[in-house]
Every structure is written in structure tokens, then in C-alpha cells.
Amino acid sequence: IYTNGKKINLEKNIKKLTVMTIKNTFLFITLFSITQTVVSQTLKTYNGNYNGGEATYQYYENSDYERIFNGKFSYKTINNNPAAYNSGRVYQGITINGVFKENKKDGFWEGSQTLTSQMRSNASAAVTVNGNYSSGVKTGLWTYKQYVVEKKKTETVINAFNFNNNVLVGTI
């Protein structure tokens, strides 16, 4: 075949066109897939009511529109339960801080709770627990600290525990 006085190899041009079409189709599918993954896993931040307290956490929605925790997590509450006041105990609050990775606790986590008694002794206590997770499994050294203040005296209890694959190792 001749065009504008030049000989054209039709078979060679069809092969080139076919290869280019396949490459472009592959490129399009790859880019579309990457875009869908990135769009569907865009991190969002929630800040508001959560399980009787307030939380701030990062998440994304999967293809079923379920929230997948992924990133920092912070929770705190103040218990204003009238039954607690009637018993003479008032919880000052609970705090929990850590990180989620693909809906599993990962890295360092810490939780604490304080309690103040409104009885004659006007005692207070604080408990802190912290340790590491690896893909949702407790691992390594965990510490438990308890501080009790009563009549201007402070009593401190500190315990350390080792976990291996969510199993307590050693003695308590």
C-alpha cells in the first residue's frame, strides 16, 4: 500500500497499533485500580461521641462502607453517674491513647483511670496500664501503676508483665 508516494507496511503498522492499544489498556486499568484504592482508603478523622465518652480517631471506609481504624486513637470520658455519687465514689475519668493499623491495635497503648472518693477520707486513686501491641497482639513489657492518696499519704504499686503473642510469660 502506498500513501503520499510512500510505501506503508500495513501488517507492521497493525502490530504496532495492537501493542500500543494493549499497553494503553493495561496502563488505564492499572491507574484506575490505584486511584480506586487510594480514594477508598483516604484517611478521615472522627471527633465526637463514642461509647459514653469522646473520641478522636483516624479511619477509612472499606468497599462495604465499614469504618477501618487506621491511625491515632484517643478516648476520654468523665463519669457523672448519680449512682456513683450516691455511693460516695466519683470517677474523674478514663483516658485511652494508641494507634491502630488496619483495624488492629499496633504500637504503644496507654490507658488510665482516676477515682476520687467523697467519703470522710477523701481518698483518690489513679491507675495506669501501658504496653505494646503488634497487629492486635500484646507483646513485650506491660506496666501497671497504681497510686492511692489517702490522708495525705501516697501508696504506690508498680507491676511489670511480659507478653509473648498475647500470652503472659513468667510470674506475676
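In case you missed it, the structure is sitting above this.
Residues numbered from 1 in each chain as written. Predicted model: local features only at pLDDT ≥ 70, side-chain atom pairs only at ≥ 80, totals over all residues. Heavy atoms only, no water.

**Some remarks on the packing of aromatic side chains**
Each aromatic ring pair is specified by the distance between its two centres and by the angle formed by the two planes. What counts, and what does not: Planes of paired rings set the category: under 30 degrees apart is stacked, over 60 is edge-to-face and the rest tilted, where pairs are Phe, Tyr or Trp rings (Trp by its six-membered ring) whose centres lie within 6.5 Å. Under the scheme used here, helices are H or I runs from DSSP no shorter than 4 residues and strands are E runs no shorter than 2 residues, and both carry numbers assigned from the N terminus. For every residue, the accessible area obtained with a 1.4 Å probe (protein chains only) is divided by the maximum for its type, and the residue is called buried under 20%, exposed over 50%, and partly exposed between those limits. Put simply, a charge is over a ring when the Lys NZ or the Arg CZ is close to the ring centre, within 6 Å, and near the line of the ring normal, within 35 degrees.
Scanning the entire structure with this criterion turns up 15 aromatic pairs. Taking the centre distance of 5.6 Å and the plane angle of 80° together, the rings of F73 and F100 count as edge-to-face. Taken together, the positions of F73 in strand β5 (residues 67-77) and F100 in strand β6 (residues 89-101) put the pair 27 residues apart, joining distant regions of the chain. In this pair, the class of F73 matches that of F100, namely buried. In this structure an aromatic cluster arises from ring pairing among Y46, Y50, Y57, Y59, F69, F73, Y75, F100, W109, Y133, W142 and F163. Of note, K105 hangs over the ring of W109, and the distance from its end group to the ring centre comes to 5.1 Å.

**Observations regarding the pairing of strand β3 (residues 44-50)**
Operational definition: Here a strand pair is declared whenever DSSP counts at least two bridges between the two strands.
Two strands pair when backbone bridges link them, and β3 and strand β4 (residues 53-61) are joined in this way by seven bridges, in the antiparallel orientation. Residue pairing across strands places N49 opposite E54, the latter belonging to β4. The turn joining β3 and β4, which pair antiparallel and follow one another in sequence, is formed by two residues; a positive phi near 45° is taken by N51.

**Details of the environment of K101**
Quick reminder of the rule: Should any heavy atoms of two residues lie within 4.5 Å, those residues are counted as being in contact.
Summarising the element assignment, K101 is placed in strand β6. By relative accessible area, which is 55% here, K101 ends up exposed. In the structure, K101 is positioned 34 residues away from S135 in sequence and 7.2 Å away in space, judged by C-alpha atoms. Apart from the residues lying within four places of it in its own chain, the contact partners of K101 are F69, N70 and D106.

**Structural notes on the pairing of β5**
Inspection of the sheet shows β4 paired to β5 by seven bridges, in the antiparallel sense. The partner of E61 across the bridge, within β5, is R67. Here β4 folds back onto β5, and the loop between the two strands holds five residues, one of which, Y65, carries a positive phi near 60°.

**Quick look at the environment of G136**
Positionally, G136 belongs in the loop between β9 (124-134) and β10 (137-150). With relative accessibility at 31%, the residue G136 sits in the partly exposed group. G136 sits 36 residues away from F100 along the chain, and the two C-alpha atoms are 8.4 Å apart. Residues within four places of G136 in sequence aside, it is in contact with K104 and K105.

**Here's the deal with the nonpolar core**
Selection rule: Buried residues of nine kinds, namely Ala, Val, Leu, Ile, Met, Phe, Trp, Tyr and Cys, make up a nonpolar core once their side-chain atoms join them within 4.5 Å.
Of all hydrophobic cores here, the largest spans 11 residues; its members are A55, Y57, Y59, F69, F73, Y75, F100, W109, Y133, W142 and F163. Looking at this core, the elements with two or more residues in it are β4 and β5. If we skip the residues at most four places from it in the chain, Y57 touches K44, T45, Y46, Y50, R67, F69, K72 and F73.

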